[in-house]
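# Observations on the model geometry
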Amino acid sequence: SQQGEEDPQALSIQEGENATMNCSYKTSINNLQWYRQNSGRGLVHLILIRSNEREKHSGRLRVTLDTSKKSSSLLITASRAADTASYFCATQLTGANSKLTFGKGITLSVRP
Amino acid sequence: EPEVTQTPSHQVTQMGQEVILRCVPISNHLYFYWYRQILGQKVEFLVSFYNNEISEKSEIFDDQFSVERPDGSNFTLKIRSTKLEDSAMYFCASSGSWTSGYLGETQYFGPGTRLLVL
């Protein structure tokens, strides 16, 4: 079974629209993190939400966490062409020094 | 802003050869990691390292793999005898300092080394 699974697998939207990406996981977690990866490049940390938090904001990003449903969503508001990338959720079962378990990722295309 | 760096950016090697991938983590971080991503697949954990020893390793991290922190700044991943299936992007990450809250769960990733085994 997969610890982190995102949906949809691919999302194509028009610039200015909002993009919503979902992630589900299987086990109890300490925190969930979202990362962005531009094609062939490194992983950029976007936002972290802890298991005792329900919602966090960072700029145009809003992440929610529902531990009862073991799911999270990432909302990017007012999308830009530069937001085109792959987005991954990653769960951490315990605190610092524990591994991240990544989902397969969502490919977001923002059309200008 | 401090960042994780990795060298080389690309490495091509023959099957059976040894490779060493190098990383310079963020200077005050305490925890270090290697992950890999086979083309088109998800990022997979290999190993975590703290206080000069391995904290956790995955099933992928077999006897062909080793990690070392030879000095105060570098963190290396060695693959002793490369196989075709070792071809992947390898990411180094670091996290956690004494001054970061919760000892810093956020992991900061380097740009990766793309390894191609022929």
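Structure: above.
This structure is a prediction, so every number in the text was calculated from the model and none was measured.

### Looking at a nonpolar patch on the surface
Together, Val12, Leu116 and Leu118 of chain B give the surface a local cluster of nonpolar side chains, amounting to about 270 Å² of exposed area. Following the sequence through the fold, Leu116 of chain B ends up in strand S11 (residues 113-117).

### Looking at the state of the cysteines
Residue and element names in this part refer to chain A. This structure, assessed with the given rule, holds two disulfides over all chains. Each sulfur of the disulfide joining Cys23 and Cys89 lies 2.0 Å from the other. When the S-S torsion is 65°, as for the bridge of Cys23 with Cys89, the disulfide is right-handed. Residue Cys23 is located in strand S3 (residues 19-25), and its partner Cys89 is located in strand S9 (residues 85-92); the two are separated by 66 residues in the primary sequence.

### Examining the interface of chain A and chain B
Taken residue by residue, the interface counts 24 residues in chain A and 24 residues in chain B. At the boundary of chain A with chain B, total buried surface from both sides reaches about 1800 Å², with 53% on carbon and sulfur atoms. It is Leu43, Asn97 and Lys99 of chain A that lose the most area in chain A upon contact with chain B, and together they represent 31% of the buried surface on that side. Taken together, chain A and chain B are joined by two salt bridges.

### Things to note about the nonpolar core
Across soluble globular proteins, you tend to see nonpolar side chains buried next to one another. Residue and element names in this part refer to chain A. Grouped together as the largest cluster of nonpolar side chains are 23 residues, with contacts concentrated most on Met21, Leu32, Trp34, Leu74, Ile76, Tyr87 and Leu108. Among the elements of the structure, strand S2 (10-14), S3, strand S4 (31-37), strand S5 (43-50), strand S7 (61-66), strand S8 (71-76), S9 and strand S11 (106-111) are those that each provide at least two residues to this core. With four residues, S3 is the single largest residue contributor to this core. Excluding its chain neighbours within four sequence positions, the residues that come into contact with Met21 are Asp7, Leu11, Trp34, Ser72, Ser73, Leu74, Ile76, Tyr87, Ile106 and Leu108.

Criteria and thresholds
- Residues numbered from 1 in each chain as written.
- Chains lettered and ligands numbered in written order.
- Predicted model: local features only at pLDDT ≥ 70, side-chain atom pairs only at ≥ 80, totals over all residues.
- Heavy atoms only, no water.
- Patch = residues over 30% accessible without salt bridge, like charges linked within 9 Å, V, L, I, M, F, W, Y side chains within 5 Å.
- Areas by Shrake-Rupley, 256 points an atom, 1.4 Å probe, with all protein chains shown as cover.
- Salt bridge = Lys/Arg side-chain N within 4 Å of Asp/Glu carboxyl O.
- Helix = DSSP H or I, 4+ residues; strand = E, 2+ residues; numbered from the N terminus.
- Disulfide = S-S within 2.5 Å.
- Contact = heavy atoms within 4.5 Å.
- Buried area = accessible area lost by both parts, 1.4 Å probe.
- Core = buried A, V, L, I, M, F, W, Y, C linked by side-chain atoms within 4.5 Å.
- Buried < 20%, exposed > 50% of the residue type's maximum accessible area, 1.4 Å probe, protein only.

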